[in-house]
Amino acid sequence: MSRLHRIVAPVAALMLMLSPLVAWADDLPSWNDGATKQSILDFVAAVTSAGGTDYVGPDERVAVFDNDGTLWGEQPMYVQLAFAFDRIKALAPDHPEWKDTEPFKSVLAGDVAGVAASGEKGLVQLIGASHAGMTSDDFTKIASDWIGAAKHPKTGKSYTEMVYQPMLELVSYLKANDFKVFIVSGGGIEFMRPWTQRVYGIEPENVVGSSIKSRYEMTNGKPAIVRLPEIDFVDDGPGKPVGIYTHIGRHPIAAFGNSDGDFQMLEWTTSRPGRSFGLIVHHDDAEREYAYDRQSHIGRLDKGLDEGPKRGWTIASMKSDWKQVYPQ
């Protein structure tokens, strides 16, 4: 063995040993180095290290993500609400009575506060008029066409461009470590499924959300699923653990949210025996996105800010922990 080889070989071997660690540390490049990023890395290392006291087998590595405000933006209104508004406006010529009937009157006037004042009853009316009375295939096409063309009112970007780059990296990082990743959202399950795989890499069968009732019937001589103007399930607040239990059938070991509507999902996830992880995205970056929490009507975060740290949950500051917000 030459002298050069005796010198180079150990160095090469050391670099080979370190290379997985270097790649591992760079799996979240849009996250600033610090306690938040390290908490994620430490958790994943702990539950994936075979033989470790916190090891969790791949079958049990379930991670659940809220969608609105966690994976993509939710201000100045939920994206699906913007879709409902546009649908109402498109259908309005066939419903002249809407000009004098709430909540349709407020929608046509662009009065979000007026719509909010109509409460749950008004929301059910809007969902019934904009999301029902058609087959599942028709709705999928309408929702897909809309999401492909609609633009955010502030940035002018498509809504699917306003996903959060750090969270995209986090989803990919978990999947690379044999996690099963699910969306558990208050948004409509049928609204999200047509595009989540393309945008997030999360399969449609891994989407849990709110839903309206539907039934099977023959339409124009063909079998179809017809959407009815009735709410079937609301996947928000205490509904989220129920949705997870019903659709997934496993207790998650990691949960990610941004509002008090995600509190019970994080609470249930981190109540399991063994190592678990909860993270709340705190929208505190008015310059690059929006700053809102306790007083917001959209994505209100109050209880989670107070209780999260006491329960060991990580509070991720959008301003401090993220190098960038949206994909380049």
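Just above, that's the structure.
These notes cover the structure that comes with them. (Residues numbered from 1 in each chain as written. Predicted model: local features only at pLDDT ≥ 70, side-chain atom pairs only at ≥ 80, totals over all residues. Heavy atoms only, no water.)

## Digging into helix 6 (residues 119-131)
Going by this rule: Strands here are runs of E lasting at least two residues and helices are runs of H or I lasting at least four, both read from the DSSP assignment and numbered beginning at the N terminus. Working rule for helices: expected span equals 1.5 Å times residues minus one. Working definition: with a 1.4 Å probe on protein chains only, accessible area under 20% of the residue-type maximum means buried, over 50% means exposed, and in between means partly exposed. Here, two residues are considered to be in contact whenever any of their heavy atoms come within 4.5 Å of each other.
When the terminal C-alpha atoms of helix 6 are compared, their 18 Å separation across 13 residues agrees well with the 18 Å that a helix rising 1.5 Å per residue should span. If you check which residues of helix 6 are buried, you get Gly122, Leu126, Ile127, Gly128, Ser130 and His131. Buried residues along helix 6 sit against helix 3 (79-91), helix 4 (104-109), helix 5 (112-117), helix 7 (136-149), strand 3 (207-219) and strand 4 (222-233). A positive backbone phi angle near 75° is found at Gly133, which sits one or two residues after helix 6.

## Points about the pairing of strand 5 (residues 254-257)
The cut-off we apply is this: If DSSP finds at least two bridges between two strands, the strands pair.
Along strand 5, one buried face is formed by Ala254 and Phe256 and the opposite face, lined by Ala255 and Gly257, is buried too. By the bridge criterion, three bridges tie strand 1 (residues 62-65) to strand 5 in an arrangement that is parallel. Bridge pairing in strand 5 places Val64 opposite Ala255. Both strand 5 and strand 6 (residues 277-282) contribute to a ladder of four bridges, which runs parallel.

## What to know about unusual backbone geometry
Residues Gln75 and Pro76 are joined by a peptide bond in cis, for which omega reads 5°. Here Pro76 is to be found in the loop between strand 1 and helix 3. With an omega of 5°, the peptide bond between Glu102 and Pro103 qualifies as cis. Secondary-structure assignment places Pro103 in the loop between helix 3 and helix 4. The residue Asp178 is not glycine, and still its phi comes out positive at about 65°. Among the structural elements, Asp178 can be located in the loop between helix 8 (165-176) and strand 2 (180-188). Here the phi dihedral of Asn220 falls at roughly 55°; this positive angle occurs in a residue that is not glycine. Take Asn220: it is sitting in the loop between strand 3 and strand 4.

## Overview of the packing of helix 3 against helix 7
Test applied: Lines fitted to C-alpha atoms define the axes here, with helix axes fitted over just the stretch in contact, and angles between the N-to-C directions of these axes take values from 0 to 180 degrees. Orientation is classified from the angle alone, with under 35 degrees giving roughly parallel, over 145 giving roughly antiparallel, 65 to 115 giving roughly perpendicular, and any other angle giving oblique. Ten residue types, Ala, Val, Leu, Ile, Met, Phe, Trp, Tyr, Cys and Pro, are classed as nonpolar, four, Asp, Glu, Lys and Arg, as charged, and the remainder, Gly among them, as polar.
Two numbers describe how helix 3 lies on helix 7: the axes approach to 11 Å, and their chain directions differ by 105°. Classified by the interaxial angle, the pair formed by helix 3 and helix 7 is roughly perpendicular. Between helix 3 and helix 7, the contacting residues are Val79, Ala82, Phe83, Asp86 and Arg87 on the first element and Phe139, Ile142, Ala143, Trp146 and Ile147 on the second. In terms of residue class, the contact of helix 3 with helix 7 is made up of eight nonpolar, no polar and two charged.

## Considerations on the pattern of salt bridges
This is how the line gets drawn: A side-chain nitrogen of Lys or Arg and a carboxyl oxygen of Asp or Glu constitute a salt bridge if their distance falls within 4 Å.
Taken as a whole, this structure holds 18 salt bridges when the rule is applied. One salt bridge in this structure joins Lys213 and Glu230, with 3.7 Å as the shortest N-O distance. On the criterion of sequence distance, the pair formed by Lys213 in strand 3 and Glu230 in strand 4 is long-range, its members being 17 residues apart. A relative accessible area of 35% places Lys213 in the partly exposed class. The network of salt bridges with shared partners includes Glu267, Glu307, Lys310 and Arg311.

## Brief notes about the layout of surface pockets
The condition that has to hold: Within this scheme a cavity is a closed region of a 1 Å grid, computed over the protein atoms alone, that accommodates a 1.4 Å probe without allowing it to escape, whereas a pocket is open but has protein on both sides within 12 Å along at least five of seven lines; lining residues each have an atom within 4 Å of a point. Grid points are joined across faces, edges and corners, and a volume is the space filled by probe spheres set on the points.
Looking at the largest pocket, its volume works out to about 1200 Å³. Looking at the largest pocket, it is lined by 47 residues, and the ones nearest its centre are Tyr78, Leu81, Leu123, Gly186 and Asp236. Secondary-structure elements contributing two or more residues to the lining of the largest pocket are helix 3, helix 5, helix 6, strand 2, helix 9 (189-192), strand 3 and strand 4. A class-by-class count of the residues in the lining of the largest pocket yields 21 nonpolar, 15 polar and eleven charged.

## Brief notes about the side chain of Asn177
Structurally, the position occupied by Asn177 is in the loop between helix 8 and strand 2. Looking at Asn177, the relative accessible area reads 19%, which means it is buried. Sequence-distant contacts of Asn177, that is, excluding residues within four places in its chain, are made with Val44, Thr48 and Arg61.

## Looking at the sheet that holds strand 2
The strand order across the open sheet built from seven strands is 4-3-2-1-5-6-7, with neighbouring strands paired in mixed fashion. Of all strands in the sheet, those with a lone pairing partner are strand 4 and strand 7 (314-317), marking the two edges. Direction aside, neighbouring strands of the sheet carry axes that sit 30° apart on average. Contacting strand 1, strand 2, strand 3 and strand 4, helix 11 (residues 239-247) runs over the sheet at an angle of about 130° to strand 2.

## Remarks on the side chain of Thr135
Convention followed: Distance and chemistry together define a polar contact, namely a pair of N or O atoms within 3.5 Å, with one atom able to donate a hydrogen and the other to accept it when in protein, and with adjacent residues in sequence counting only for side-chain atoms on both sides.
Along the chain, Thr135 falls in the loop between helix 6 and helix 7. Exposure remark for Thr135: the relative accessible area of 14% places this residue in the buried category. In terms of polar contacts, Thr135 uses its side chain to reach the backbone amide nitrogen of Asp138, at 3.1 Å. Not counting residues up to four positions away in its chain, the partners in contact with Thr135 are Thr219, Ala224, Ile225, Val226 and Arg227.

## Quick word on the packing of helix 2 (residues 35-48) against helix 8
Test applied: What makes a crossing left-handed is the near helix being turned counterclockwise from the far one by less than a right angle; a clockwise turn instead makes it right-handed.
Their axes nearest at 11 Å, the elements helix 2 and helix 8 cross at an angle of 15°. Overall, the two elements helix 2 and helix 8 adopt an arrangement that is roughly parallel. The way helix 2 lies across helix 8 gives a crossing that is right-handed. Contacts between helix 2 and helix 8 involve Ile40, Leu41 and Val44 from the first element and Leu170, Tyr173 and Leu174 from the second. Considered class by class, the residues forming the contact of helix 2 with helix 8 number six nonpolar, no polar and no charged.

This is a description of form; function is not addressed.
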